[in-house]
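Per-entry structural report
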Amino acid sequence: MIHRYIFVVGGVMSGVGKGVTTASIGKILQSRGFNVTAIKIDPYVNIDAGTMNPVEHGEVFVTDDGDETDQDMGNYERFLDTDLSSANYMTTGRIYQTVIQKERNLEYKGKCVEVVPHIPLEVIRRIKEAAQKAKADVTMIEVGGTVGEYQNILFLEAARMMHLEDPDHVLFVLVSYLPVPRHLGEMKTKPTQYATRSLNSAGIHPDFIVCRGEQYMDKPRREKLSIFCNVKPGDIITAPDVASIYQIPELFESEGLSSAILKKFGLRQKPGDLLEWNRMANVRETAKRTVKIGVVGKYFSTGEYTLSDSYISVIEALKSAAWANKARIEMEWINSEEFEEDPKRLRCLSKFDGVLVPGGFGTRGIEGIISTIKYVREKKIPYFGLCYGMQLACVEFARNVLGKKGAHTVEVDETTSDPIIHVSPLQLKNIRANRYGGTMRLGAYDCELKRGTKAHRSYRTNPTYAGSIVSERHRHRYEFNNDYSQAIEEKGLIISGVNPASGLVEIVELKDHPFFVGVQFHPEFRSRPLRPHPLFNAFIKACLK
Ligand code: GLN
């Protein structure tokens, strides 16, 4: 089988949407009947994204096989509707670790191991392995960072070497930024010209330039870029800001991008179909209803940009579920510390159709979250708790319904009288030994649903989740303490999902409440634009009632 590769690199600055561009190009090729996979390369020395602060770095996206990866992997999964694995993610740290390990194992047979070519060769080996594993016609590879910087140079070197080896099957896309300085009111092409030259100096010439900017690019600028960057005008793609990232595949198709790529690859021009996708992407425009969700947690006080990146999968899962129910969604982010300062402010929660508490770590803002949960439980406002949001729902229930006033998670209070959320013996060993990287309960685990529960009914609405055992992705260190199972169930907090192998509690739900569900896992990682997660779907349905 012939594998083809498209490298996506960024010019001028970061944050212009390389990830979404990569995912969207993958999507349009997939829509034309090709098998597509995607790889993210992060230039960091970290082995994975798990040890990076989500406020600075964005969400940690967890794969089925338990890899803690970059949020762009979530975009790939959502756009391509596919499950990726650790084979689709690499960092500088990971590459060096492998090369050093091979050297220790004498696998280089006495040779001097050098940065070039041994590091790029390991990058290439991984890229090809991922392509083979996915049986991909086309593999999208997003190189993190920006051209011209020091960090990603060895990855560009790998790309150059792959092109040298097989020029007909390797393409390069430069995603660049075209600013419109306010005092000029005109789109400037110079930074992109420089970016192209930097890329040229790495021995790479872009086949396509995707021009990000606030506006559409006009003809004169397209022609200018074409001459200065040595790329045909038809291969310069305008990518202005759009209302929804899901409209980008359609935008690219209006520029004829997939046909141009197939032509360069010598692939057959099979007919494309983006109909259903585009309908989803444009549903907001026709939706008549609006659902208002309050998201309560910490990490919210650092400004719009960071916040939406830290919870991107949750946001996308909420959106997809709302759209599937033909509703528009409004989300408001509430810092739980506000409720600690002034409990009266809890009343603001009544204006929402539903409240969600996403995952999190540590002690900050926790009491505010617990009061939030008490409020929505008593006021019967639909509640969905993800991971920490489930654990804290159990703490709240233990304190205020079971009357165990000192109940807590040991994450916050190690000496609590009632450790309703505790640490499993395996995790205790890790914590004591300071082993924090890649040691949480990570990746997909089975969850057996209890018949007749809300959780069971919700999953049953979605044919992807047939049967009473579902698989969901995890990322946490602490667990529900089964010593309290009987007590909570007797008082109406039902355990509706359990891991059959370990007996660990996966889902809890309140009996007499429109919707009060907490899940130990992260359902947001499995939600897809055209197949919203059944629990998100059920939550939104309850909110719309
Ligand atoms: N802090 C909790 C734990 O480690 C929850 C983690 C999460 O929400 N992802 O168990």
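The shown structure was predicted, so the numbers you read here are calculated from the model rather than taken from an experiment.

Definitions and cut-offs
Residues numbered from 1 in each chain as written. Predicted model: local features only at pLDDT ≥ 70, side-chain atom pairs only at ≥ 80, totals over all residues. Heavy atoms only, no water. Near = heavy atom within 4 Å. Polar contact = N/O pair within 3.5 Å; in protein donor to acceptor, adjacent residues only side chain to side chain. Areas by Shrake-Rupley, 256 points an atom, 1.4 Å probe, with all protein chains shown as cover. Helix = DSSP H or I, 4+ residues; strand = E, 2+ residues; numbered from the N terminus. Nonpolar A, V, L, I, M, F, W, Y, C, P; charged D, E, K, R; others polar. Buried < 20%, exposed > 50% of the residue type's maximum accessible area, 1.4 Å probe, protein only. Pairing = 2+ DSSP bridges. Core = buried A, V, L, I, M, F, W, Y, C linked by side-chain atoms within 4.5 Å. Contact = heavy atoms within 4.5 Å. Expected span 1.5 Å × (residues − 1). Arc of directions from axis to C-beta. Phe/Tyr/Trp six-rings, centres within 6.5 Å; stacked < 30°, edge-to-face > 60°. Axes fitted to C-alpha atoms, helices over the stretch in contact; angles between N-to-C directions. Disulfide = S-S within 2.5 Å.

1. Some points on the site of the ligand
In the neighbourhood of the ligand, the contacting residues comprise Gly359, Gly360, Phe361, Cys387, Tyr388, Gln391, Glu411, Arg475, His476, Arg477, Tyr478 and His522. Taking Tyr388, its main chain carries an N or O atom lying 3.1 Å from an oxygen atom of the ligand. One of the backbone nitrogen or oxygen atoms of Tyr478 is found 2.8 Å away from an oxygen atom of the ligand. For the ligand, whose free accessible area comes to 300 Å², the fraction covered by protein is 98%. Secondary-structure elements contributing two or more residues to the shell around the ligand are helix H17 (388-400) and strand E17 (469-476). Here the residues of the shell around the ligand are counted per class, giving four nonpolar, five polar and three charged.

2. Re the pairing of strand E20 (residues 505-510)
Among the six residues of E20, six are classified as buried, and the element is accordingly described as predominantly covered. Two elements, strand E19 (residues 493-498) and E20, share five bridges in a ladder whose sense is antiparallel. Bridge pairing in E20 places Val498 opposite Val505. Hairpin geometry of E19 and E20 is characterised by an intervening segment of six residues between the two adjacent antiparallel strands and by a positive phi of about 80° at Gly503. As defined by bridge partners, E20 adjoins strand E21 (residues 516-519) across three bridges and the pair is classed as antiparallel. Counted as the bridge partner of Ile507 is Val519 from E21.

3. Quick word on the nonpolar core
Residues Ile6, Ile293, Leu356 and Phe384 are the most contacted members of the largest nonpolar core, which totals 83 residues. Broken down by element, the residue count for this core peaks at eight residues, all from helix H21 (residues 534-544). Not counting chain neighbours up to four residues away, the residues in contact with Leu356 comprise Ile293, Gly294, Val295, Val296, Val314, Leu318, Phe384, Leu386, Phe536 and Phe539. Val147, Ala158, Met161 and Met187 belong to the second-largest nonpolar core, a separate cluster that totals 43 residues.

4. Focus on helix H7 (residues 190-201)
Between its first and last C-alpha, H7 extends 17 Å over twelve residues, near the 16 Å set by a 1.5 Å rise per residue. Among all positions of H7, only Thr192, Gln193, Ala195, Thr196 and Leu199 are buried. Taken around the axis of H7, the buried residues stretch over an arc of 160°, which confines them to a single face. For H7, the exposed residues lying more than 90 degrees away from the buried face are Tyr194, Arg197 and Ser201. The secondary structure elements touched by the buried residues of H7 are strand E1 (4-10), strand E7 (170-177), strand E8 (208-213) and helix H8 (219-229). Following H7 by one or two positions, Gly203 adopts a phi angle in the positive range, close to 85°.

5. Describing the packing of aromatic side chains
Enumeration according to the criterion identifies 13 aromatic pairs in this entry. Aromatic side chains Phe384 and Phe515 sit 6.0 Å apart centroid to centroid with 85° between the ring planes, which places their arrangement in the edge-to-face category. Here Phe384, found in strand E13 (residues 383-386), pairs with Phe515, found in the loop between E20 and E21; they are 131 residues apart in sequence, far enough to count as distant. Since its relative accessible area comes to 0%, Phe384 is described here as buried. Seen in terms of ring centroids, Phe384 and Phe539 are 5.5 Å apart; in terms of plane orientation they differ by 40°. Their pairing is tilted. You can see Phe384 sitting in strand E13 and its partner Phe539 sitting in helix H21, a full 155 residues away along the chain.

6. Regarding helix H3 (residues 71-80)
Among the ten residues in H3, ten count as buried, and that is most of the element. Taken together, the buried positions of H3 are occupied by Gln71, Asp72, Met73, Gly74, Asn75, Tyr76, Glu77, Arg78, Phe79 and Leu80. For H3, the N-terminal cap is Asp70; the gap from its side-chain oxygen to the backbone nitrogen of Asp72 is 2.9 Å. Asp81 occupies a position one or two residues after H3 and carries a positive phi of about 50°.

7. A look at the sheet that holds E13
Pairing is mixed across the open sheet formed by nine strands, whose spatial order is E11-E10-E12-E13-E21-E20-E19-E16-E17. Edge positions in the sheet fall to strand E11 (327-335) and E17, since each has one partner strand and no second. Neighbour to neighbour, the strand axes of the sheet diverge by 25° on average, direction disregarded. Summarising the sheet, strand E12 (residues 354-357) and E13 pair through three bridges and their orientation is parallel. Paired with Val355 across the two strands is Tyr383, which belongs to E13. Its contacts with the sheet place H21 against strand E10 (289-297), E11, E12, E13 and E21, and it is angled at close to 115° to E10.

8. With respect to the state of the cysteines
Counted according to the given criterion, the structure contains zero disulfides. For Cys211, which is in no disulfide, the shortest distance to another cysteine sulfur is to Cys229 and amounts to 8.1 Å. Given a relative accessible area of 1%, Cys211 falls into the buried group. Cys394 carries a free sulfur, and the closest cysteine sulfur to it, the one in Cys387, is 11 Å from it. Exposure remark for Cys394: the relative accessible area of 0% places this residue in the buried category.

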